[in-house]
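One letter stands for each residue in the lines below.
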Amino acid sequence: MTLKRASVWILVLIGLAAALAAALSLPRAGIGWDAPVDARAYAEVQALEPTASLNEAYEGVLSTSEFYGILVPQMAQASHNLITGSHQTLEPWNLATYRWQAGVVVSLAIAAAAILGLAVTFALRSPLAGSYVWALVMSTPLYLGSSHINFKDVPVAAGVSIFSAGLVLTVLRRNRATAWLLGSSLLVLGSIITLGTRPGGWPLLLACGLGTLGILTIQGLRSSDWVATLPTAVGLGAAAVATLLFLRATNPFASIDLFRWLGDSFSIMRQYPWDGVTRVAGQDFVATDLPWWYIPSWLLAQLPVLTLLAVLWGLITVGASLWRQKWAPPRRLLIPLTPLAIQGILLPLIIVMTGSVLYDGLRHVLFMVPALIALSGWGIATLEYGATSQKKRQSW
């Protein structure tokens, strides 16, 4: 067994060990943030009259609960019914309810990490880079560790990451039919998870999708290859239709007035009715007027040092490829990673610069963490590129 292959297996085992630890810790984990309130709100949503108007439905649940999705409690209830064979309803204030919900969230987090690793493997043609991303995401406490208590933001991070992985695959030119089918399936899955958890998050997916299509269009203008944009465009269309149908079938608010509910959800999530003070680096700031360094400072505080170094090296190598340094892989190979750059860098920047309400550290922009770690896979690909001969480099 070669050193590279052995390294791949070691990284895969590290990720699996983290998954096992997360599963074993479920019975010992605490109750998630706002979990009792959310469980009660879910029961109220399920009890809404189908003939009610949207305004009446809004009034029938706890304040702002109408703008959160109900996918996690729905999946928890379905998992409970399937595994135990019992159809007993999971009740608020019952500890077992939160164990089932935590199991769902942890499973989503693990699945997203695995899918990201596979997407990086295919995009960079590097099992080492893919397994590295898988192991690093799984061993980052801010992501997997918080999945036991953060039932709102971890599923969104998982959903957006799966969506971006789907975009990555639809961009690939190798095995186009297979990559398109798999990528489109992931687009549908990621979109459903994201909007099923936080319906106001649709601009995140829209930005990733349109941004990727924009880069592909520019590339098509230069190469006269318009076919390259079709798999991504068709996949995005399929994801939009499937997600809207899913929401309409599973969420009472969506069944009343789908598009107004989505618009209201975004408005509330962007300007959440909370104008409290949040502390950053020893200073107090109003949650609606945060400094540009809010996110970098929390990354420095919450990511392990080695993870920070890995992300920094990845960003340096991405910059080197963009500026066509001889020691870095060709710039054209970065195009499939465009969705990850939008998810990990551009979206958090826009959120802070537009004055959106943020508090509790990085929980509202947690989706950026898996994407930043996935981009660090480019650093591994750069090391592999530097270790290859000049003749082999021509095949990159």
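Not measured: the values here are computed from a predicted model. Each chain carries its own residue numbering, running from 1 in the written order of its sequence. Owing to the predicted nature of the model, reporting of local features is limited to residues with pLDDT of at least 70; listing and counting of side-chain atom pairs is limited to 80 or more, with chain, interface and lining totals taken over all residues. Side-chain figures throughout are based on the complete set of non-hydrogen atoms in the structure, without hydrogens or water.

All right, on to empty space enclosed by the protein then. Residues are said to line a cavity or pocket when one of their atoms sits within 4 Å of a point; the points come from a 1 Å grid over protein atoms alone, cavities being sets where a 1.4 Å probe fits but cannot get out and pockets being open sets with protein on both sides within 12 Å along at least five of seven lines. Grid points are joined across faces, edges and corners, and a volume is the space filled by probe spheres set on the points. One pass over the structure, following the stated rule, counts two cavities of 30 Å³ or more. When its volume is computed, the largest cavity comes out at roughly 250 Å³. In terms of lining residues, the largest cavity is bounded by 19 residues, among which Asp38, Tyr68, Gly69, Ile70 and Pro73 are the most central. To qualify as a helix, a DSSP run of H or I must reach at least 4 residues; to qualify as a strand, a run of E must reach at least 2; elements of each kind are numbered from the N terminus. Elements with a minimum of two residues in the lining of the largest cavity: helix H2 (35-46), helix H4 (71-84) and helix H9 (176-197). Residue contributions to the lining of the largest cavity peak at six residues, all from H2. Among the residues making up the lining of the largest cavity, the classes are represented as 11 nonpolar, five polar and three charged. As a volume, the second largest cavity reaches approximately 40 Å³. Lining the second largest cavity we find Gly69, Ile70, Leu71, Gln74, Gly196, Phe246, Leu247, Thr250 and Asn251. Per element, the largest residue contribution to the lining of the second largest cavity is three residues, and it comes from helix H11 (residues 230-250). Residues are sorted three ways: Asp, Glu, Lys and Arg are charged, Ala, Val, Leu, Ile, Met, Phe, Trp, Tyr, Cys and Pro are nonpolar, and all the rest, Gly among them, are polar. Grouping the amino acids of the lining of the second largest cavity by side-chain chemistry returns four nonpolar, five polar and no charged.

Patches here: salt-bridge-free residues with over 30% relative accessible area, like charges joined within 9 Å, nonpolar side chains (Val, Leu, Ile, Met, Phe, Trp, Tyr) joined within 5 Å. Calculation of accessible area relied on Shrake-Rupley with a 1.4 Å probe; when residues are assessed, cover is drawn exclusively from the protein chains displayed. Every case where a carboxyl oxygen of Asp or Glu lies within 4 Å of a side-chain nitrogen of Lys or Arg is listed as a salt bridge. Among the surface-exposed residues, Val305, Leu306, Leu309, Leu312, Trp313, Ile316, Trp327 and Leu383 lie close enough to one another that they form a single nonpolar patch of about 830 Å² accessible area. Ranked by residue count, the leading element in the nonpolar patch is helix H14 (residues 305-322), at six residues. On the secondary structure map, Leu309 appears in helix H14.

Two numbers describe how helix H10 (residues 202-223) lies on helix H15 (residues 338-353): the axes approach to 10 Å, and their chain directions differ by 125°. Considered as vectors, H10 and H15 are oriented oblique to each other. Handedness of the crossing formed by H10 with H15: right-handed. Mapping the contact onto sequence places Leu204, Ala207, Cys208, Gly211, Thr212 and Ile215 in H10 and Thr338, Pro339, Ile342, Gln343, Leu347 and Ile351 in H15. Residue composition of the contact of H10 with H15, grouped by class: eight nonpolar, four polar and no charged. Here the axes come from fitting lines to C-alpha atoms, over the contacting stretch only for helices, and the angles between their N-to-C directions go from 0 to 180 degrees. Should an angle lie under 35 degrees it is considered roughly parallel, over 145 roughly antiparallel, and from 65 to 115 roughly perpendicular; all remaining angles are considered oblique. Helix crossings are classified by the rotation of the near helix relative to the far one: an anticlockwise turn of less than a right angle makes the crossing left-handed, while a clockwise turn makes it right-handed. Should any heavy atoms of two residues lie within 4.5 Å, those residues are considered in contact.

Inspection of every chain in the model, using the stated rule, returns seven salt bridges. Lys4 serves as the salt-bridge partner of Glu384, at 3.1 Å between the closest nitrogen and oxygen. Residue Glu384 is located in helix H17 (residues 377-387), and its partner Lys4 is located in helix H1 (residues 3-24); the two are separated by 380 residues in the primary sequence. For each residue, the accessible area found with a 1.4 Å probe, counting protein chains only, is set against the maximum for its type, and the residue is called buried under 20%, exposed over 50%, and partly exposed in between. Exposure remark for Lys4: the relative accessible area of 48% places this residue in the partly exposed category. The closest approach of N and O atoms between Arg260 and Asp264, which form a salt bridge, is 3.4 Å. With Arg260 and Asp264 both in helix H12 (residues 252-270) and four residues apart, this pair spans about one turn of that helix. Beyond isolated ion pairs, a larger network of salt bridges with shared partners links Asp153, Arg198, Asp360 and Arg363.

Any link to function would need more than the numbers given here.
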